[in-house]
Amino acid sequence: CYSEDYYFKLLKLDQIGIVFVVFGCQSINIYFGFRCYVVMQRFYVGCSFLLSIASFAIIMFPHVIGSMVDIGKFKAVLLTLLAAFGIIPLVHWYFLYGVMALQVGIFFEKLLLAYFFLASGLVFWVNKIPERWGNGIFDIWGHSHQLWHVFVFLGPATFFYSAMKAINQVDVLSCVHFPM
């Protein structure tokens, strides 16, 4: 058993880790996806950075908001916005290069799969699945927070896999036909 204070410190650490993971995944994919479009690349990384800083600030300093809102729900919404923001450059990138582009063929499905993992983990965590279906059965193993971590591992692992493929393809995919 841990004290309540210790529990909340660990929870903050957990949530900050998620912010760093999501920002890192988004930055890598924005970097490779928009490497031929430096202005858009900087814009999207900057937006992701600002959302990450806002998430970090709310996690570390929840007293700033005070009692105006339910801080737990507010953090969940902010973390969801941070993760969902990554879909915007992904869709932009898809239409920018076109369906038949080699970049889209190599990476798009893997990135969608990574976001599917992150969204699935969020659904399990927010809805307290499976513990809402079996009271007391999932108290130690298989509860929503553990499933959340499994999915949060699978999402970045998929991002990492796509980034490694991107690194191997950088020489093949030139920016000759794209404005910088």
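Before any of the text, the structure's been laid out above.
Nothing here was measured: the structure is a model prediction, and the numbers come from that model.

Parameters and conventions
Residues numbered from 1 in each chain as written. Predicted model: local features only at pLDDT ≥ 70, side-chain atom pairs only at ≥ 80, totals over all residues. Heavy atoms only, no water. Helix = DSSP H or I, 4+ residues; strand = E, 2+ residues; numbered from the N terminus. Buried < 20%, exposed > 50% of the residue type's maximum accessible area, 1.4 Å probe, protein only. Areas by Shrake-Rupley, 256 points an atom, 1.4 Å probe, with all protein chains shown as cover. Lys, Arg positive; Asp, Glu negative; His and termini not counted. Charge placed at Lys NZ, Arg CZ, Asp CG, Glu CD. Axes fitted to C-alpha atoms, helices over the stretch in contact; angles between N-to-C directions. Parallel < 35°, antiparallel > 145°, perpendicular 65-115°, else oblique. Left-handed = near helix turned anticlockwise from the far one by under 90°. Contact = heavy atoms within 4.5 Å. Patch = residues over 30% accessible without salt bridge, like charges linked within 9 Å, V, L, I, M, F, W, Y side chains within 5 Å. Salt bridge = Lys/Arg side-chain N within 4 Å of Asp/Glu carboxyl O. 1 Å grid on protein atoms, 1.4 Å probe; cavity = no way out; pocket = protein on both sides within 12 Å on 5 of 7 lines; lining within 4 Å. Points joined across faces, edges and corners; volume = space filled by probe spheres on them. Arc of directions from axis to C-beta. Phe/Tyr/Trp six-rings, centres within 6.5 Å; stacked < 30°, edge-to-face > 60°.

What to know about the overall build of the chain
- When helices and strands are counted, the chain shows six helices and zero strands.
- Starting at the N terminus and walking to the C terminus, you meet the elements of the chain as α-α-α-α-α-α.
- In the chain, which comprises 180 residues, the share counted as buried stands at 38%.
- Counting only carbon and sulfur atoms, one obtains 73% of the accessible surface of the chain, whose full area is about 11,000 Å².
- For the chain, the distance from the average position of its 10 positive side-chain charges to the average position of its 8 negative side-chain charges is 8 Å.

A few points about the packing of helix α1 (residues 4–33) against helix α3 (residues 71–85)
- Between α1 and α3, whose axes approach to 9 Å, the crossing angle comes to 15°. Considering their axes alone, α1 and α3 lie roughly parallel with respect to each other. α1 and α3 meet at a crossing whose hand is left-handed. Two secondary-structure elements touch here, α1 through Q15, V19, V22 and Q26 and α3 through K75, L79, L82, A83 and F85.

Some remarks on a nonpolar patch on the surface
- On the surface, Y2, Y6, L10 and L13 cluster together into a nonpolar patch covering about 470 Å² of accessible area.
- According to the relative accessible area criterion, Y2 is exposed, its value standing at 64%.

Digging into empty space enclosed by the protein
- Taken as a whole and judged by the stated rule, the model has two cavities of 30 Å³ or more.
- What the second largest cavity holds in volume is close to 60 Å³.
- Along the walls of the second largest cavity sit L11, D14, Q15, I18, L79, W125, H145 and W148, which together make up its complete lining.
- Breaking the lining of the second largest cavity down by element, the ones donating at least two residues are α1 and α6 (144–169).

Points about helix α4 (residues 87–97)
- By the burial criterion, the buried members of α4 are P89, L90, W93 and Y97. Along the axis of α4, the buried residues cluster in a sector spanning 105°; they form a single face.
- In the stretch just after α4, G98 is the one whose phi turns positive, near 95°.

Examining unusual backbone geometry
- Each neighbour pair has its own omega, and for I129 with P130 the value is 15°, a cis peptide bond.
- Topologically, P130 is positioned in the loop between α5 (102–126) and α6.
- Its identity is not glycine, yet K128 carries a phi of approximately 55°, on the positive side.
- Along the chain, K128 falls in the loop between α5 and α6.
- When its relative accessible area of 40% is taken as the criterion, K128 is described as partly exposed.

Digging into the packing of aromatic side chains
- Enumeration over the complete set of coordinates arrives at 14 aromatic pairs.
- Centroid distance Y94 to F95: 5.4 Å. Interplanar angle 85°. Geometry classified as edge-to-face.
- Looking at Y94, the relative accessible area reads 23%, which means it is partly exposed.
- A residue is classified by how much of its surface remains accessible, and F95, at 65% relative accessible area, is exposed.
- Ring centres 5.4 Å apart and planes at 20° place the aromatic pair F124 and F151 in the stacked group. With F124 in helix α5 and F151 in helix α6, this residue pair connects regions lying 27 residues apart in the sequence.
- Judged by its relative accessible area of 25%, F124 falls in the partly exposed class.
- Residue F151 is classed as buried on the basis of its relative accessible area, which comes to 17%.

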